[in-house]
Amino acid sequence: MYFKQFYLGCLAHASYLIGADGEAVVIDPQRDVDLYLVEAEAQGLTIRHVIETHLHADFVSGHRELGERTGARIYLGHRAGATFPHVAVREGDEIRLSRNVLLRFLETPGHTPESICVLLFDHGVSPQPLKVFTGDTLFIGDVGRPDLVGSKGYTAEAMAGMLYDALHEKLLTLPPTVEVYPAHGAGSACGRNISKETSSTIGREATTNYALQPMSKEAFVRLMTTDLPPAPSYFAHDAEQNRQGAVPLDSLPPPPALPVAEFVRLAEAGAVILDVRDVASFGRGHVPGAINIGLAGQFASWAGTL
């Protein structure tokens, strides 16, 4: 079995490539899918399956483009309501990559109604699952926010209750040695206290994760719904883009360069001016009224928020 984690620092986003017997699956792909195609080719793998653990709100995913470019099937939880061709998975559904390697889906609503986690088995090594890909249900040191789907008729309290059940009835019942691989790390707005680590184990999270410590369901709901920071306004837009599936990047025309006169006209009309240089360059001189968000660091999140 082949396994690789990809980590995109500016979004604190993790995605995964798993392969066996020439077939591969990608979990939670980023917008630019070329890196998975290059890696799969280098490993002699063909991408046949693309899994979205939920409709991501903090970034636009590459699931549809990766499916179109490879012919792979796309899998989402059956509550997603995606408008493109996909496989709507339910509890216990499986993908088999080889005689020994298979993926099994768990329904784990709470962060979103359609959230799923994915167990990875290699029966040539152990009859027990080796890894679990937890999306935004369980992070390292934290759990997913329950308040991001209010516009869909779900209260944060109701979602937090679902999350408690998913964590305690499914994830925490797994063997403590199962490795945990989430969709995000420190800096993501999808959690409040996410660790900088990019993997863990069920046993370690049960011991150290503040949200998994012994408490009643009522106490958990209060903890998860108190003092939440406002959700960035672009989150709802991104989630709907992912429900439809984004068009291929190559189909988007590059933005045209603006003549100075047109730039001035737009600026005077109230257009937002985004200066992406480093802070020292910005400090030496900039267009009045410009917002400075350097391309280094978490550019996408800050640009989307501001």
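Above this text is the structure in question.
Notes on the structure in this doc start here.

The geometry of helix 3 (residues 156-169) relative to helix 5 (residues 217-225) is characterised by a closest axis approach of 9 Å and an angle of 125° between their N-to-C directions. Considering the angle they form, helix 3 stands oblique to helix 5. Like other packed secondary-structure pairs, helix 3 and helix 5 cross with a definite hand, here right-handed. Only Lys 217, Phe 220, Val 221, Met 224 and Thr 225 of helix 5 make contact with helix 3, whose side of the interface consists of Ala 156, Glu 157, Ala 160, Gly 161, Leu 163, Tyr 164, Asp 165 and Leu 167. Split by residue class, the contact of helix 3 with helix 5 holds eight nonpolar, two polar and three charged.

What follows covers the pairing of strand 10 (residues 131-135). With five of five residues buried, strand 10 is to be regarded as a mostly interior element. Alignment of strand 9 (residues 116-122) against strand 10, held across three bridges, turns out to be antiparallel. By the bridge assignment, Val 118 is partnered in strand 10 with Phe 133. As paired elements, strand 10 and strand 11 (residues 179-182) share four bridges and run parallel to each other.

Further remarks concern unusual backbone geometry. Positive phi values are uncommon outside glycine, yet Asp 28 reaches one of about 55°. Mapped onto the secondary structure, Asp 28 falls in the loop between strand 3 (23-27) and helix 1 (34-42). Accessibility expressed as a relative area gives 1% for Asp 28, which makes it buried. Here the phi dihedral of Asp 227 falls at roughly 60°; this positive angle occurs in a residue that is not glycine. Residue placement: Asp 227 occurs in the loop between helix 5 and helix 6 (234-244).

Let us look at the packing of helix 1 against helix 2 (residues 63-70). It is the contact of helix 1 with helix 2, at a shortest axis distance of 10 Å, that shows an interaxial angle of 40°. Looking at the two axes, helix 1 sits oblique to helix 2. Facing helix 1, whose interface residues are Asp 34, Tyr 36 and Leu 37, helix 2 presents Leu 66, Arg 69 and Thr 70. A breakdown of the residues in the contact of helix 1 with helix 2 according to their chemical character gives three nonpolar, one polar and two charged.

Tallied over the entire structure, the rule returns ten aromatic pairs. Relative to Phe 133, the ring of Phe 3 has its centre 5.9 Å away and its plane inclined at 50°; by these criteria the two rings are tilted. One end of the pair, Phe 3, is in strand 1 (residues 2-8); the other, Phe 133, is in strand 10, with 130 residues separating them in the sequence. On the basis of relative accessible area, Phe 3 is assigned to the partly exposed category, the value being 23%. When the ring of Tyr 234 is compared with that of Phe 235, the centres are 5.1 Å apart and the planes differ by 75°; the resulting orientation is edge-to-face. Comparing Tyr 234 with Phe 235 shows no difference in burial state: the two are buried.

A few words now on the side chain of Glu 205. For Glu 205, the position within the fold is in helix 4 (residues 202-208). Arg 204 provides the closest opposite charge to the buried, unpaired Glu 205, separated from it by 4.4 Å. Each residue touching Glu 205, except ones within four places of it in the same chain, is listed here: Phe 139, Ile 140, Gly 141, Ser 200, Leu 212 and Gln 213.

Another point: the pairing of strand 3. Of all five residues in strand 3, four are buried; the element is thus mostly enclosed. Bridge count for strand 2 (residues 13-20) against strand 3 is five bridges, and the pairing is antiparallel. Note on strand 3: the bridge partner recorded for Ala 20 is Glu 23. Here strand 2 folds back onto strand 3, and the loop between the two strands holds two residues, one of which, Asp 21, carries a positive phi near 50°.

To continue, consider the sheet that holds strand 11. Spatially, 7-8-9-10-11-12 is the arrangement adopted by the six strands of the open sheet, whose pairing is mixed. A single partner strand is all that each edge strand has here, and the edge strands are strand 7 (94-96) and strand 12 (200-201).

Rules behind the numbers
- Residues numbered from 1 in each chain as written.
- Predicted model: local features only at pLDDT ≥ 70, side-chain atom pairs only at ≥ 80, totals over all residues.
- Heavy atoms only, no water.
- Axes fitted to C-alpha atoms, helices over the stretch in contact; angles between N-to-C directions.
- Helix = DSSP H or I, 4+ residues; strand = E, 2+ residues; numbered from the N terminus.
- Parallel < 35°, antiparallel > 145°, perpendicular 65-115°, else oblique.
- Left-handed = near helix turned anticlockwise from the far one by under 90°.
- Contact = heavy atoms within 4.5 Å.
- Nonpolar A, V, L, I, M, F, W, Y, C, P; charged D, E, K, R; others polar.
- Buried < 20%, exposed > 50% of the residue type's maximum accessible area, 1.4 Å probe, protein only.
- Pairing = 2+ DSSP bridges.
- Phe/Tyr/Trp six-rings, centres within 6.5 Å; stacked < 30°, edge-to-face > 60°.
- Lys, Arg positive; Asp, Glu negative; His and termini not counted.
- Salt bridge = Lys/Arg side-chain N within 4 Å of Asp/Glu carboxyl O.

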